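# Results of the structural survey
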Amino acid sequence: MTRFEILRSTGTWPFLLLLALLAGSAQPASAQCIGVPDCVLVWSDEFDGTAVDPSRWSLQFGDGSEYGLPPGWGNNELQYYQAENATVAGGYLTITAREETIAGRDYTSARMRSLGKGDWTFGRMEMRAKMPIGRGLWPAYWMLPSDSIYGGWAASGEIDIVEYIGSQPDRILGTIHYGGPWPFNTFSTSNYFLPSGTFHDGFHVFAIEWKRGEIRWYVDGVQYGFRTNWYSFGGPYPAPFDADFHLLLNLAVGGNLPGSPNSTTEFPQEFVIDYVRVYQTPSSITITSPAPGAVLAPGDDVTITAGVDDDSSTQRVQFLQGKAVLGEDTLPPFEWTVPTVAAGCYTLRARALDDLGRWERSAPVNVRVGEGCPQAPYRMTPAAIPGTA
């Protein structure tokens, strides 16, 4: 007899079922942050739609060679990534690994990233997910640098929020990669073993809390990893973990860590994600103008204004479109004017440098100039006609 059949037979199931639903429901506005004070939700995907949200994620394709990596994504992986293997339905994202031949690869799966659509320095990064099972399966929820300002992998770092090996279904790993560019890279890792059952049996919450000079790993609210020591050939401590990183989700098949599937591995296998959430401490800098969602006229001059909590400790404020610096101001009121703004959709940010040499970045503000979203020009202004500038 199932649990719900027992509840029905006792006549108490409606009340207890309601309590269970309330206890298990997603509450994205309330964080369980432990080491991130006064944290608030700044980004999430609850997977409530019917397809991968292109405003939050970009799918990656192929065997890695399309991105300048050795075939096998630099890890001797066996899969070919394609869009068809990432589906959204019933409030879940499902990444499915299949045994099928595409482009000379014997398996297919999916990989997606938030680069340029969700990039953060510090915060709590959290996922609720259920893992696949079987030799050769390697799902991960992880982070890579958005700009690699300290050099090639792993001088600019990598944060593995959770990795899992399908042949060891009661174990997870949390790892950082750092040091120099390959082959001068190194890593530090922590393990956690479930007291009973496996990570394939049901959903679990995996997270890191990342602050300046400190990263902690959690599963179901239990801390199992803590790192403060690392280095980068490309800059002083706390480099490389003091810059923007973005999220990745993927299910690899084979590779250096899990080994290849064998006759005991059953396909298809699913990596099922309930939600992905990012929490941060509220920023001390905000863009006060233009307002989020503002619609502006092409050809106008647009002034971007930022407010900071403490003018006296702010050395300068930079204004950015995406990753491009539009300009900076060193005196309050902090502002920058973009002349003759061109039609397009833009993501604006500001970042402030304090008197201790620390940068803090505002939340993004999305604005539209004109109708629709034509390809946005670099730095919001039309490019000069060759020979006229």
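The present account deals with the structure reproduced in this document.

Definitions and cut-offs
Residues numbered from 1 in each chain as written. Predicted model: local features only at pLDDT ≥ 70, side-chain atom pairs only at ≥ 80, totals over all residues. Heavy atoms only, no water. Helix = DSSP H or I, 4+ residues; strand = E, 2+ residues; numbered from the N terminus. Buried < 20%, exposed > 50% of the residue type's maximum accessible area, 1.4 Å probe, protein only. Contact = heavy atoms within 4.5 Å. Areas by Shrake-Rupley, 256 points an atom, 1.4 Å probe, with all protein chains shown as cover. Core = buried A, V, L, I, M, F, W, Y, C linked by side-chain atoms within 4.5 Å. Salt bridge = Lys/Arg side-chain N within 4 Å of Asp/Glu carboxyl O. Disulfide = S-S within 2.5 Å. Pairing = 2+ DSSP bridges. Axes fitted to C-alpha atoms, helices over the stretch in contact; angles between N-to-C directions. Phe/Tyr/Trp six-rings, centres within 6.5 Å; stacked < 30°, edge-to-face > 60°. Lys NZ or Arg CZ within 6 Å of the ring centre and 35° of its normal. Patch = residues over 30% accessible without salt bridge, like charges linked within 9 Å, V, L, I, M, F, W, Y side chains within 5 Å. Lys, Arg positive; Asp, Glu negative; His and termini not counted. Charge placed at Lys NZ, Arg CZ, Asp CG, Glu CD.

As a further point, take the overall build of the protein. The secondary structure content of the protein amounts to two helices and 27 strands. Buried positions account for 48% of the 389 residues belonging to the protein. Sequence separation of 24 or more characterises 68% of the internal contacts of the protein that already satisfy a separation of 6 or more. Just so you have it, the protein exposes about 18400 Å², and 54% of that area is on carbon and sulfur atoms.

By size, the foremost hydrophobic cluster in this structure holds 50 residues, and its most contacted members are Met-127 and Leu-247. A per-element tally of this core places strand β17 (residues 245-253) first, with five residues. Filtering out sequence-adjacent residues up to four positions away, Met-127 remains in contact with Tyr-141, Val-162, His-204, Val-205, Phe-206, Leu-249, Phe-271, Ile-273, Tyr-275 and Val-276. Membership of the second largest hydrophobic core comes to 23 residues, among which are Ile-285, Val-317, Ala-352 and Val-365.

Right, let's talk about the pattern of salt bridges for a bit. For the structure shown, the criterion picks out 11 salt bridges. Arg-277 serves as the salt-bridge partner of Glu-46, at 3.0 Å between the closest nitrogen and oxygen. Of this pair, Glu-46 sits in the loop between β1 (40-45) and β2 (58-60) while Arg-277 sits in strand β18 (residues 269-280), placing them 231 residues apart in sequence. With respect to burial, Glu-46 and Arg-277 carry one shared label: buried. A salt bridge links Arg-216 to Glu-214; the nearest nitrogen and oxygen atoms lie 2.7 Å apart. On the basis of relative accessibility, which here comes to 16%, the residue Glu-214 falls in the buried class. One salt-bridge network, held together by shared partners, links Arg-124, Glu-126 and Glu-209.

Counted according to the given criterion, the structure contains one disulfide. Covalent S-S linkage joins Cys-33 and Cys-39, the inter-sulfur distance amounting to 2.0 Å. Measuring handedness by torsion sign, the sulfur bridge of Cys-33 and Cys-39 sits at about 100° and is right-handed. By relative accessible area, which is 17% here, Cys-39 ends up buried.

On to the sheet that holds strand β24 (residues 334-338). Pairing is antiparallel across the open sheet formed by three strands, whose spatial order is β19-β21-β24. Since the sheet does not close on itself, it has two edges, and those belong to β19 (285-289) and β24, each with one partner. On average, adjacent strands in this sheet sit at an angle of 25° to one another, irrespective of strand direction. Summarising the sheet, strand β21 (residues 302-308) and β24 pair through five bridges and their orientation is antiparallel. When the sheet's bridge partners are listed, Thr-303 is paired in β24 with Thr-337.

Now for the environment of Leu-249. Examined against the element boundaries, Leu-249 turns out to sit in strand β17. Under the relative-accessibility criterion, Leu-249 is labelled buried at 0%. Sequence separation between Leu-249 and Val-276 is 27 residues, and the spatial gap between their C-alpha atoms is 9.8 Å. Excluding residues within four positions of it along the chain, Leu-249 makes contact with Trp-57, Leu-93, Ile-95, Ala-110, Arg-111, Met-112, Met-127, Ala-140, Tyr-141, Phe-271 and Val-276.

Examined against the element boundaries, Gly-74 turns out to sit in the loop between β2 and β3 (79-81). Linking Gly-74 and Asn-256, residues 182 residues apart in sequence, is a C-alpha distance of 9.3 Å.

Right, let's get into the environment of Asp-38. Tracing the chain through its elements places Asp-38 in the loop between α2 (13-24) and β1. A sequence separation of 242 residues divides Asp-38 from Gln-280, and the C-alpha atoms of the two residues are 8.1 Å apart. Beyond its immediate sequence surroundings of up to four residues, Asp-38 is in contact with Gln-280, Thr-281 and Pro-282.

So, on to the packing of aromatic side chains. Counting across every chain of the model gives 16 aromatic pairs. Taking the centre distance of 5.2 Å and the plane angle of 70° together, the rings of Trp-43 and Trp-120 count as edge-to-face. Of this pair, Trp-43 sits in strand β1 while Trp-120 sits in strand β8 (residues 119-120), placing them 77 residues apart in sequence. Neither residue differs from the other here; Trp-43 and Trp-120 are each classed as buried. The interplanar angle of 35° and the centroid separation of 5.5 Å between the aromatic rings of Trp-230 and Tyr-237 together place this pair among those described as tilted. Residue classification places Trp-230 among the buried positions, given a relative accessible area of 6%. Through a chain of ring-to-ring contacts, three or more aromatic side chains come together here, namely Phe-122, Trp-210, Trp-230, Tyr-237, Phe-241 and Phe-245. The ring of Tyr-218 carries Arg-124 above its face, with NZ or CZ at 5.7 Å from the centroid. Of note, Arg-351 hangs over the ring of Trp-359, and the distance from its end group to the ring centre comes to 4.9 Å.

On the surface, Asp-309, Asp-310, Asp-311, Asp-355 and Glu-360 cluster together into a negatively charged patch. Among the secondary structure elements, Asp-309 is positioned in the loop between β21 and β22 (314-321).

Bridge count for strand β4 (residues 86-89) against strand β5 (residues 92-102) is four bridges, and the pairing is antiparallel. Residue Val-88 lies in a different strand from β5, and its bridge partner there is Leu-93. Connecting the antiparallel pair β4 and β5 is a turn made up of two residues, with Gly-90 showing a positive phi of about 65°. Looking at chain direction, β5 and β18 are connected through five bridges and run antiparallel. Within β18, the position partnered with Thr-94 by the bridge is Val-272. Pairing geometry for β5 and strand β6 (residues 105-109), over three bridges, is antiparallel. Each residue of the ladder has a partner; that of Arg-98, found in β6, is Thr-108. What sits between the antiparallel neighbours β5 and β6 is a turn of two residues, in which Ala-103 has the positive phi angle 50°.

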